[in-house]
There are 2 protein chains.
Amino acid sequence: MDGLNEGGGPLRADETAGEETCPPFDLNRFLPYLLNRAGSRLVEIFSEELRRRNLTLPMWRVMAVLWHKGEQRIIDLTGETSIEQSTLSRLLATMDGRGLVSRNRNRSDGRAVLVTLTTGGKELTAQLIPIALRNERAVQNGLTAEEIRFLHSMLRRIFDNSADLKP
Amino acid sequence: MDGLNEGGGPLRADETAGEETCPPFDLNRFLPYLLNRAGSRLVEIFSEELRRRNLTLPMWRVMAVLWHKGEQRIIDLTGETSIEQSTLSRLLATMDGRGLVSRNRNRSDGRAVLVTLTTGGKELTAQLIPIALRNERAVQNGLTAEEIRFLHSMLRRIFDNSADLKP
DNA sequence: CCGAGATAAATGCATTTGCATGTTATGCAA
DNA sequence: TTGCATAACATGCAAATGCATTTATCTCGG
């Protein structure tokens, strides 16, 4: 601030970056950046609990989806967890090996594998959910219930919008 | 729905999950899930443009931060990009090799490495920013400017809240 | 019923990632 | 100044990841 332009007069749009004809770019108003930052923090917090139980975040994501939606095909889990298909295939193999999930060929479609939580997997998940919800509440501290509902709906709208842009 | 409880009478809270004394868990109202879904979609959309330029998302994150905030130490970049330190160290080495950034020892602190965009890196960034902003607008389609500001401020508040929970 | 094309998983392989540790440089107290 | 704790990076190594491809199965028109 050189003492210029303090009266609030119009500024050239791309002054901050100072680079040819690139539009101004403010990270603090850039949705992907804000999403990534917030998401990574949440992950970081919860990871401690996961590590303590010898679990990884991708494992937890799978468990949460299976808990909430029940038996799923691998391909459906890719959509719900945002984990790539081959990665998920191998992840589920190790989770199976650890007794967290079971995998069974679909009787009516021999291509598909149906994944479900084992009893042990359910127990672990039931143990983690309260912690996850507690973290969620802590992180939402200061937000009203209405604000939170609004936030959720905005995130869903963004997700839906971006679905159209995918292919 | 067996035709029971249709009158809207009170339901036991944890009926959905059907598991002992675990609180109800609805993914569609679970912030980490919604954040991850939205974030992953944005990544997915933009990744196409990155691949076309032989870049990765972590590279873009670094470039965006350097563009916006100028010369940074590696340790500062870890905070801004949510990329782990050793990963970042190696990523910057390859970005240096490709002429995207330059790395120089800090004169006043011989431990630190100062990273900055090269001319080539700036050009690529300047090329990508308009695309990133266009995607952002597309994904925010249907949201008012006020709603977007509100969303941003909520994400920042969540980020700040979670800072306190980190250690 | 057959065969081409599509779908769901699994696998090969090179790259990336993250934890633990090593290396060099600072800061600071005694 | 020396010595020691700390900070910033780099690196070794095992594990995770993603792309491309393969394998098995299903669909459907002919």
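Since we're looking at a predicted model, the values are computed, not measured.

Chemist: Looking at this structure, how should I read the overall build of chain A?
Modeler: The number of helices and strands found in chain A is 6 helices and 3 strands. Ordered by position in the sequence, the α and β elements of chain A form the string α-α-β-α-α-β-β-α-α. Considering chain A as a whole, with its 167 residues, one finds that 45% of them fall into the buried category. Long-range contacts, defined as pairs at least 24 residues apart, comprise 46% of the intrachain contacts of chain A with a sequence gap of at least 6. By element, 47% of the accessible surface of chain A is carried by carbon and sulfur atoms, the whole surface being about 9300 Å².

Chemist: How do you make sense of the protein's contact with DNA strand C when you look at a structure like this?
Modeler: The local shell around DNA strand C holds 20 residues, among which A:I75, A:S86, A:S89, B:R90 and B:G110 are the closest. Here DNA strand C approaches the protein such that, of its atoms within 4 Å, sugar and phosphate make up 64%. With respect to DNA strand C, the backbone of A:I74 contributes an N or O atom lying 3.0 Å from a phosphate oxygen. Measuring from a base oxygen of DNA strand C, one finds a side-chain N or O atom of B:R90 at 2.5 Å. Taken together, the elements giving at least two residues each to the surface near DNA strand C come down to α3 (74–81) and α4 (85–97) of chain A together with α4 (85–97) of chain B. Broken down by element, the residue count for the surface near DNA strand C peaks at 4 residues, all from α4(A). Of the residues belonging to the surface near DNA strand C, the class tally is 5 nonpolar, 6 polar and 9 charged.

Chemist: Which parts of the structure should I look at to understand the relation of the copies chain B and chain A?
Modeler: In this arrangement, two copies of a chain are superimposed by a rotation about an axis accompanied by a shift along the axis. Rotating chain B by 180° about the axis while translating it 0.0 Å along that axis superimposes it on chain A, leaving an RMSD of 0.0 Å. When the rotation and shift are considered jointly, the pair of chain copies conforms to a two-fold rotation axis. The overlap is high: 100% of the interface residues of chain B also sit at the interface in chain A, so the same surface is used on both sides.

Chemist: Would you explain the protein's contact with DNA strand D in this entry?
Modeler: The immediate surroundings of DNA strand D are formed by 19 residues, with A:R90, A:G110, B:I75, B:S86 and B:S89 found nearest. Backbone atoms, meaning sugar and phosphate, make up 62% of the atoms of DNA strand D lying within 4 Å of the protein. Within the side chain of A:R111, an N or O atom sits 3.4 Å from a sugar or linking oxygen of DNA strand D. In the model, a base nitrogen of DNA strand D is placed 3.2 Å from a nitrogen or oxygen of the B:Q85 side chain. Sorting the residues of the surface near DNA strand D by element identifies α4 of chain A together with α3 (74–81) and α4 of chain B as the ones contributing at least two each. No other element matches the 4 residues that α4(B) contributes to the surface near DNA strand D. Looking at the surface near DNA strand D residue by residue, the class counts come to 5 nonpolar, 6 polar and 8 charged.

Chemist: So what exactly am I meant to see when it comes to helix α2 (residues 57–69) of chain B here?
Modeler: Residue pairs spaced three or four apart in an α-helix point in one direction, given the helix's 3.6 residues per turn. All names here are of chain B. The terminal C-alpha atoms of α2, which comprises 13 residues, lie 18 Å apart, in line with the 18 Å expected from a rise of 1.5 Å per residue. For α2, every residue scored as buried is listed here: L57, M59, W60, V62, M63, A64, V65, L66 and W67. G70 lies just past α2 and shows a positive phi near 75°.

Chemist: Is there a simple way to explain the interface of chain B and chain A in this structure?
Modeler: As a measure of interface size, the accessible area lost when the parts come together is often cited. The interface of chain B with chain A comprises 63 residues on the first partner and 63 residues on the second. Carbon and sulfur atoms make up 70% of the surface buried where chain B meets chain A, a total of about 6400 Å² over both sides. A per-residue breakdown of the area chain B buries against chain A is headed by B:F25, B:R41 and B:F159, which together make up 11% of the total. Applying the counting criterion to the chain B and chain A interface returns 4 salt bridges. When the shortest N-O distance is used, the salt bridge between B:E147 and A:R157 registers 3.8 Å. Connecting chain B to chain A are 20 residue pairs in polar contact (both at pLDDT 80 or more).

Chemist: Could you clarify how one ought to interpret the sheet that holds strand β2 (residues 101–105) of chain B in this entry?
Modeler: Note on sheets: strands pair through backbone hydrogen bonds, and any given pair is parallel or antiparallel. Residue and element names in this part refer to chain B. Across the sheet, 3 strands lie side by side as β1-β3-β2; this open sheet has antiparallel pairing. The open sheet has two edge strands with one neighbour each: β1 (72–73) and β2. Where β1 and strand β3 (residues 113–117) come together, 2 bridges link them in antiparallel fashion. Note that in β3 the partner of R73 across the bridge is L114.

Chemist: Can you help me understand the pattern of salt bridges in this one?
Modeler: Between side chains of opposite charge, a pair can form when the charged atoms approach closely. Overall, the coordinates contain 22 salt bridges over all chains when judged by the stated rule. The closest approach of N and O atoms between A:D26 and A:R29, which form a salt bridge, is 3.7 Å. In this structure, A:R37 and B:E80 form a salt bridge, with 3.8 Å as the shortest nitrogen-oxygen distance. A residue pair is termed interchain when its members come from two chains, as with A:R37 in helix α1 (residues 31–52) and B:E80 in helix α3. This pair shows no difference in class: A:R37 is buried, exactly as B:E80 is.

Cut-offs and rules
- Residues numbered from 1 in each chain as written.
- Chains lettered and ligands numbered in written order.
- Predicted model: local features only at pLDDT ≥ 70, side-chain atom pairs only at ≥ 80, totals over all residues.
- Heavy atoms only, no water.
- Helix = DSSP H or I, 4+ residues; strand = E, 2+ residues; numbered from the N terminus.
- Buried < 20%, exposed > 50% of the residue type's maximum accessible area, 1.4 Å probe, protein only.
- Contact = heavy atoms within 4.5 Å.
- Areas by Shrake-Rupley, 256 points an atom, 1.4 Å probe, with all protein chains shown as cover.
- Near = heavy atom within 4 Å.
- Polar contact = N/O pair within 3.5 Å; in protein donor to acceptor, adjacent residues only side chain to side chain.
- Nonpolar A, V, L, I, M, F, W, Y, C, P; charged D, E, K, R; others polar.
- Least-squares fit on C-alpha atoms with pLDDT ≥ 70 in both.
- Expected span 1.5 Å × (residues − 1).
- Buried area = accessible area lost by both parts, 1.4 Å probe.
- Salt bridge = Lys/Arg side-chain N within 4 Å of Asp/Glu carboxyl O.
- Pairing = 2+ DSSP bridges.

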